[in-house]
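What the coordinates show
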Amino acid sequence: LDPMLRHFGAVQNFGGEVATVKCFEDNSLVAETVATSGRGRVLVVDGGGSPHRSLLGDNLARTAIDNDWAAIVVYGAIRDIEEIATMQLGVMAIASFPRKTVKRGQGQVEVPLTFLSVTVKPGDHIYADLTGVIVAERKLV
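Residues numbered from 1 in each chain as written. Predicted model: local features only at pLDDT ≥ 70, side-chain atom pairs only at ≥ 80, totals over all residues. Heavy atoms only, no water.

A short note on the overall build of the protein chain
A count of helical and extended segments in the protein chain gives 3 helices and 10 strands. From first element to last, N terminus to C terminus, the protein chain shows the α and β order β-β-α-β-α-β-α-β-β-β-β-β-β. Counting only C-alpha atoms and orienting by the principal axes, one finds that the protein chain spans roughly 40 × 30 × 30 Å. Expressed as a percentage of the 141 residues in the protein chain, the buried residues total 46%. Look at the contacts in the protein chain between residues 6 or more apart in sequence, and 71% of them connect residues 24 or more apart. Separation between the mean location of the 14 positive side-chain charges and that of the 16 negative ones in the protein chain comes to 3 Å. (Helix = DSSP H or I, 4+ residues; strand = E, 2+ residues; numbered from the N terminus. Buried < 20%, exposed > 50% of the residue type's maximum accessible area, 1.4 Å probe, protein only. Contact = heavy atoms within 4.5 Å. Lys, Arg positive; Asp, Glu negative; His and termini not counted. Charge placed at Lys NZ, Arg CZ, Asp CG, Glu CD.)

Laid out in structure tokens, this is it:
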């Protein structure tokens, strides 16, 4: 991915199979998704790059940990970064912003996402470390 994402979680080296959410300034589907079994997957959220509403906060991050999500990558903003920094979860986003989202239940799940010069599909694998993020169509050894 183009180098615009920052690490916010305590886990800065992560990887796993991708699940996707596409939404804009409405994290309803993010909340629904992290409440399901993650099975070590990485949730990739295309928030349209909006810096105006946070799509993830500490409560949803805790829910993700409780449901075995390995990481959450947000093309958009998050909040509660002091708390998220201490959590055993990979979290990347383009920015932090304190404003919550509106809750309209809008968006799509398990659809291909295109942002930062890459298309990410459900079932792909994503890997991140301090150098950056790569996406592969299959699991890398």
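Section: helix 2 (residues 58–66)
Of all the positions in helix 2, only D58, L60, A61 and A64 are classed as buried. An end-on view of helix 2 places all buried positions within 160 degrees of arc, on one side of the element. Exposed side chains of helix 2 directed beyond 90 degrees from the buried face belong to N59 and D66. Immediately beyond the C-terminal end of helix 2, within one or two residues, lies D68, with a positive phi of roughly 65 degrees. (Arc of directions from axis to C-beta.)

Overview of the pattern of salt bridges
Counting across every chain of the model gives 5 salt bridges. Linking D46 and K22 is a salt bridge whose minimum nitrogen-to-oxygen distance equals 3.4 Å. Of the two residues, D46 is situated in strand 3 (residues 42–46) and K22 in strand 2 (residues 14–22); the sequence distance between them amounts to 24 residues. Residue class for D46 comes out buried when judged on its relative accessible area of 4%. On the accessibility criterion, K22 (34% relative accessible area) is partly exposed. (Salt bridge = Lys/Arg side-chain N within 4 Å of Asp/Glu carboxyl O.)

Here we look at the side chain of N27
Of note, N27 is situated in the loop between strand 2 and helix 1 (28–34). With sequence-adjacent residues up to four places away left out, N27 is seen in contact with S54, L55, L60, T101, V102 and K103.

Concerning the environment of M87
Considering the arrangement of structural elements, one finds M87 in the loop between helix 3 (81–84) and strand 5 (90–96). For M87, a relative accessible area of 8% corresponds to the buried category. Along the chain, M87 and F8 lie 79 residues apart, while their C-alpha atoms are 9.3 Å from each other.

By themselves, these figures tell us nothing about what the structure is for.
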